[in-house]
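Structural overview for review
So the chains spell out like this:
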Amino acid sequence: MGKKFPLPIDFLILLAGIILRVLVISHVQKDIHCHSTPDSFRFLEEAQTILQQGTLPEYFDMPLYPLFLALLILAGCHKFSILLVSSILSYLCFFVLMRKSGGTQGALLATFFPPHIIFSGLLLSEIIGATLFFLSFYFLWQNNKSTFREFIAGVFASFSLLCRIFTAFPLFIVMIVFIAKNRKFPFIYAGLLAITIAGWGFYNMNRHGRFYLSLTPYFNIYYYHAASVISSATGENFFRVQDSLWKAALNSYEKYTNYCDFYRDLATEGIKIILIHPLAFINNIIKYGIPAIFKPVYGYPQIILFCRYENLNPIENSIKWLLIVLQLIFNTYLWFRIIKYTGKWEKYLISLTSIYLGIVCGGQQINDVRFRFPLESIWIPLTLIPSKKHSISPKFKGK
């Protein structure tokens, strides 16, 4: 009788990760409208515009995710299959490369990465954006002389930028720390990013008359950061301040012939408000931004499981707090690994991206953990201890 060999532990971990994500997506499929967010419907509308009109819609944000959705819809996919394809492909990328870097511990971290599990069930750009950002980092950070790997890193970086404008500055941070660490300038990587920025910017200039990448940061500075600063400085209710600012903006809208100028001026006004109240802005970073570096994902799990943020019954509330505790355990373990297992340059990279996250999330209603997702996707592999069996050369771990 032949000897029976047990299934490799890593294969079981992979299978568990796939099953977990399929269960999340299957639950969402029961009531698509209930388990969606306003951004989900916007992305779907933009994808339908691409398919029906054969052109990009009037973009307020970056174009890649609506294009991705349009391709999947064209291929016959519906929401369940769209979520399934994006989630499983993303998970396989994280699993394979993290396992290669850190063996079984890398496989476990990829499998039970809370934001990845949660956002697998939502039709948002986070899953694809975080995966592209992770891949761009992975292929650049290896510090080898392969121009092909640098080219691949540049391609993924360009796609990451076109998917999520939030990753623009982190991509720059990664490049700067890479240069300082290796005393080498990644010309191909930087060149591809520059071509992407110029190409998308000039496309908008040709279509809208202004060179810009995304209007979302302009809006956020005014509607969230400036409103939070005024609220913090004066003690006035945040939502009243927000409503007042938006009414003032709408009253001036008619004088604009180009809506790009409207949002540009909103950002300018928002920056002026922040400069008038710098201490309030710093206070908001401490109060809202720094906690976003560590706090668990809140709200989105409730949408997925219960179709609502609040008014939960006792059982639902218990499940909510269980998920929060599990996330806190994962986050604590991750930061333990960051402190213990990362080298000097890795700590610089994590610190700089954390500061950026704290600034972006430094206000009420914008301290959303979804901004942390792509950054955590590179923090985790930086903590992996390469084993002889599953090592890459050179290794992630710094000296």
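Every residue gets a number counted from 1 within its own chain, in the order that chain's sequence is written. Residues qualify for local features only when their pLDDT is at least 70, as the model is predicted, and side-chain atom pairs are given and counted only at 80 or more; totals for whole chains, interfaces and linings, by contrast, use all residues. The side-chain values count all of the structure's non-hydrogen atoms but skip hydrogen atoms and water molecules.

Okay, the environment of serine 214 next. In this structure, serine 214 sits in the loop between α9 (187–208) and α10 (216–234). The class for serine 214 is buried, based on a relative accessible area of 4%. C-alpha of serine 214 to C-alpha of leucine 162: the two residues are 52 residues apart in sequence and 9.6 Å apart in space. What qualifies as a polar contact is a pair of N or O atoms within 3.5 Å, subject to a donor-acceptor requirement within protein and to the restriction that residues adjacent in sequence count only when both atoms come from side chains. Among the polar contacts made by the side chain of serine 214, one reaches the side chain of aspartate 61 at a distance of 3.1 Å. A distance of 3.2 Å separates a polar atom in the side chain of serine 214 from the backbone nitrogen of threonine 216. For the purposes of this entry, the term helix denotes a DSSP run of H or I that reaches at least four residues, the term strand denotes a run of E that reaches at least two, and both are numbered from the N terminus. Here's how the labels work: a residue is buried when its accessible area is under 20% of the maximum for its type, exposed when over 50%, partly exposed in between, all with a 1.4 Å probe on protein chains only.

A helix is expected to span 1.5 Å for every residue after the first. The terminal C-alpha atoms of helix α13 (residues 278–292), which comprises 15 residues, lie 20 Å apart, in line with the 21 Å expected from a rise of 1.5 Å per residue. Bend angle per residue: angle between axes fitted to the 7 residues ending at that residue and the 7 residues starting there. At isoleucine 285, α13 shows its largest bend, some 35°. By the burial criterion, the buried members of α13 are Ala280, Phe281, Asn284, Ile285, Tyr288, Gly289 and Ala292.

Quick look at the pattern of salt bridges now. A pair is scored as a salt bridge if a Lys or Arg side-chain nitrogen falls within 4 Å of a carboxyl oxygen belonging to Asp or Glu. Taken as a whole, this structure holds eleven salt bridges when the rule is applied. The partner of aspartate 10 in a salt bridge is arginine 99, and the shortest N-O contact between them spans 2.5 Å. Remark: arginine 99 occurs in helix α4 (residues 79–111) and aspartate 10 occurs in helix α1 (residues 9–29); sequence separation between them is 89 residues. Residue class for aspartate 10 comes out buried when judged on its relative accessible area of 7%. We classify arginine 99 as partly exposed; its relative accessible area is 27%. Between arginine 164 and glutamate 126 there is a salt bridge, with its nearest N and O atoms 3.0 Å apart. Remark: glutamate 126 occurs in helix α6 (residues 126–141) and arginine 164 occurs in the loop between α7 (147–163) and α8 (168–182); sequence separation between them is 38 residues. Glutamate 126 matches arginine 164 in its accessibility class, with the two residues each being buried. A cluster of three or more residues bridged by salt bridges with shared partners is formed by Asp39, Arg42, Glu46, Glu126, Arg164 and Arg370.

The next thing to look at is the environment of asparagine 313. Locating asparagine 313 in the fold gives a position in the loop between α14 (300–306) and α15 (314–341). On a C-alpha basis, the gap between asparagine 313 and isoleucine 88 in space is 32 Å, while along the polypeptide they are 225 residues apart. At 2.7 Å, the side chain of asparagine 313 and the backbone nitrogen of glutamate 316 are in polar contact.

Of note, tyrosine 298 is situated in the loop between α13 and α14. You can call tyrosine 298 partly exposed: its relative accessible area is 47%. Considered as a pair, tyrosine 298 and tryptophan 321 are 23 residues apart in the sequence and their alpha carbons are 9.9 Å apart.

In this section: unusual backbone geometry. Not every positive phi belongs to a glycine, and arginine 183 is a case in point at roughly 55°. A positive phi angle, close to 70°, is found at glutamine 365, a residue other than glycine.

Glancing now at the confidence of the model for the protein. Within the protein, residue pLDDT values average 88, and 91% of them lie at 70 or more. Low pLDDT (under 50) marks residues 1–6, which in the prediction has zero contacts with non-local residues, meaning those over four places away or in another chain. Every residue carries a pLDDT, the predictor's confidence in it, which falls somewhere between 0 and 100. Residues count as neighbours in contact if any of their non-hydrogen atoms are within 4.5 Å of one another. Within the model, the stretch residues 386–399 combines pLDDT values under 50 with 36 contacts to residues more than four positions away or in other chains.

What follows covers a nonpolar patch on the surface. Put simply, a patch holds well-exposed residues, over 30% relative accessible area, that have no salt bridge, with like charges counted together within 9 Å and Val, Leu, Ile, Met, Phe, Trp or Tyr side chains within 5 Å. Per-residue and other accessible areas follow the Shrake-Rupley method at a 1.4 Å probe size, with only the shown protein chains counted as cover for residues. There is a patch of nonpolar side chains on the surface, built from Ile9, Phe11, Leu12, Leu15, Ile19 and Leu23 and spanning about 540 Å² of accessible area. On the secondary structure map, phenylalanine 11 appears in helix α1.

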